[in-house]
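# Notes for the structure review
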Amino acid sequence: SRDARAGSTEVLSPAPARAQERVLAQCLACLAPTLLVLGTTLVLWGVLTALGRWEDAPALGHLLQGPLTVAGGTLLGVALAVWAPFRATGVVALVVMVMANLWLGGRDDGGMLFGPMVDWAAWGAFHQDRWVGFVPGDPGWHAVYLAGLGLAAAAGAVVRVAERRAPVVAVLAAAVGLAVL
């Protein structure tokens, strides 16, 4: 009947929300995959620790790289959806990020630490299949760098739709400062 159809459309229609609330909700939704990766990382770390499989135990920064990269990637997706809402935006961004990470990852001058994913494993010079430890660099500061980039992506998404932009711009500036630090 007509009344039943009208009731079902009301239930399925989107809830009224301002653009800022929708973007904040999308940023909050980015926590789900981040927490899933963090939980998986901690479980694997616990199992490998219990089995005594570490030659050199990874530092906290090593363990946080995966979850922070997932958080930053999803938040970058929200920012790109707000600023450039085109179908090809995500694909172009993915290709650019992968190419940049490959280029940075192949550098020996410390430039690899500016990529979102760092291969911290150092392999032997003569026997390249033998793990010899971690590459030089501070995984803790790399985690701070990734956190700054993720926070900058979130603030960049929110600043586009914010009703009061000054506080969001301040957070964005602080996040960029954190990444530069």
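Residues numbered from 1 in each chain as written. Predicted model: local features only at pLDDT ≥ 70, side-chain atom pairs only at ≥ 80, totals over all residues. Heavy atoms only, no water.

### A closer look at the packing of aromatic side chains
How two aromatic rings sit relative to each other is given by the distance of their centres and the angle of their planes. In the structure shown here, the tally under the stated rule is one aromatic pair. A ring pair is formed by F114 and Y145, whose centres lie 6.0 Å apart and whose planes are at 90°; its orientation type is edge-to-face. Here F114, found in the loop between α5 (89-105) and β1 (121-123), pairs with Y145, found in helix α6 (residues 139-161); they are 31 residues apart in sequence, far enough to count as distant. The exposed category is assigned to F114, whose relative accessible area is 53%. By relative accessible area, Y145 is classed as buried at 15%. (Phe/Tyr/Trp six-rings, centres within 6.5 Å; stacked < 30°, edge-to-face > 60°. Helix = DSSP H or I, 4+ residues; strand = E, 2+ residues; numbered from the N terminus. Buried < 20%, exposed > 50% of the residue type's maximum accessible area, 1.4 Å probe, protein only.)

### Quick notes on the packing of helix α2 (residues 19-29) against helix α4 (residues 60-83)
At their nearest, the axes of α2 and α4 sit 9 Å apart, and the two run at 155° to each other. Classified by the interaxial angle, the pair formed by α2 and α4 is roughly antiparallel. Crossing angle aside, the handedness with which α2 passes α4 is right-handed. Contact with α2, carried on its side by V23, Q26 and C27, involves L75, V78 and V82 of α4 and no other residues of that element. (Axes fitted to C-alpha atoms, helices over the stretch in contact; angles between N-to-C directions. Parallel < 35°, antiparallel > 145°, perpendicular 65-115°, else oblique. Left-handed = near helix turned anticlockwise from the far one by under 90°. Contact = heavy atoms within 4.5 Å.)

### Quick notes on the pattern of salt bridges
All told, the structure shown has two salt bridges when counted by the stated rule. With a closest N to O distance of 3.4 Å, R18 and E21 form a salt bridge. For R18, a relative accessible area of 44% gives the class partly exposed. Residue classification places E21 among the partly exposed residues on the basis of a relative accessible area of 36%. (Salt bridge = Lys/Arg side-chain N within 4 Å of Asp/Glu carboxyl O.)

### Observations concerning the side chain of Q20
Its location among the elements puts Q20 in helix α2. The contacts of Q20, once residues within four sequence positions are left out, are V161, A162 and E163.

### With respect to α4
For α4, spanning 24 residues, the distance from its first C-alpha to its last is 33 Å, which sits close to the expected 34 Å at 1.5 Å a residue. G66 marks the point of greatest bend in α4, at about 30°, and the proline P67 comes within the next four residues. Here α4 has its buried residues at G61, H62, L63, Q65, P67, T69, A71, G72, L75, V78, A79 and V82. (Expected span 1.5 Å × (residues − 1). Bend = angle between axes of the 7 residues up to and from the residue.)

### Notes on a nonpolar patch on the surface
Residues V91, L94, V95, V98, M99 and L102 make up a contiguous nonpolar surface patch of roughly 600 Å² in combined accessible area. By secondary structure assignment, the location of M99 is in helix α5. (Patch = residues over 30% accessible without salt bridge, like charges linked within 9 Å, V, L, I, M, F, W, Y side chains within 5 Å. Areas by Shrake-Rupley, 256 points an atom, 1.4 Å probe, with all protein chains shown as cover.)

### Considering the packing of α6 against helix α7 (residues 165-180)
At their nearest, the axes of α6 and α7 sit 7 Å apart, and the two run at 160° to each other. When the interaxial angle is binned, α6 and α7 end up roughly antiparallel. α6 and α7 meet at a crossing whose hand is left-handed. Two secondary-structure elements touch here, α6 through V144, Y145, A147, G148, L149, L151, A152, A155, G156, V158, V159 and R160 and α7 through R165, V168, V169, V171, L172, A175, V176, L178 and A179.

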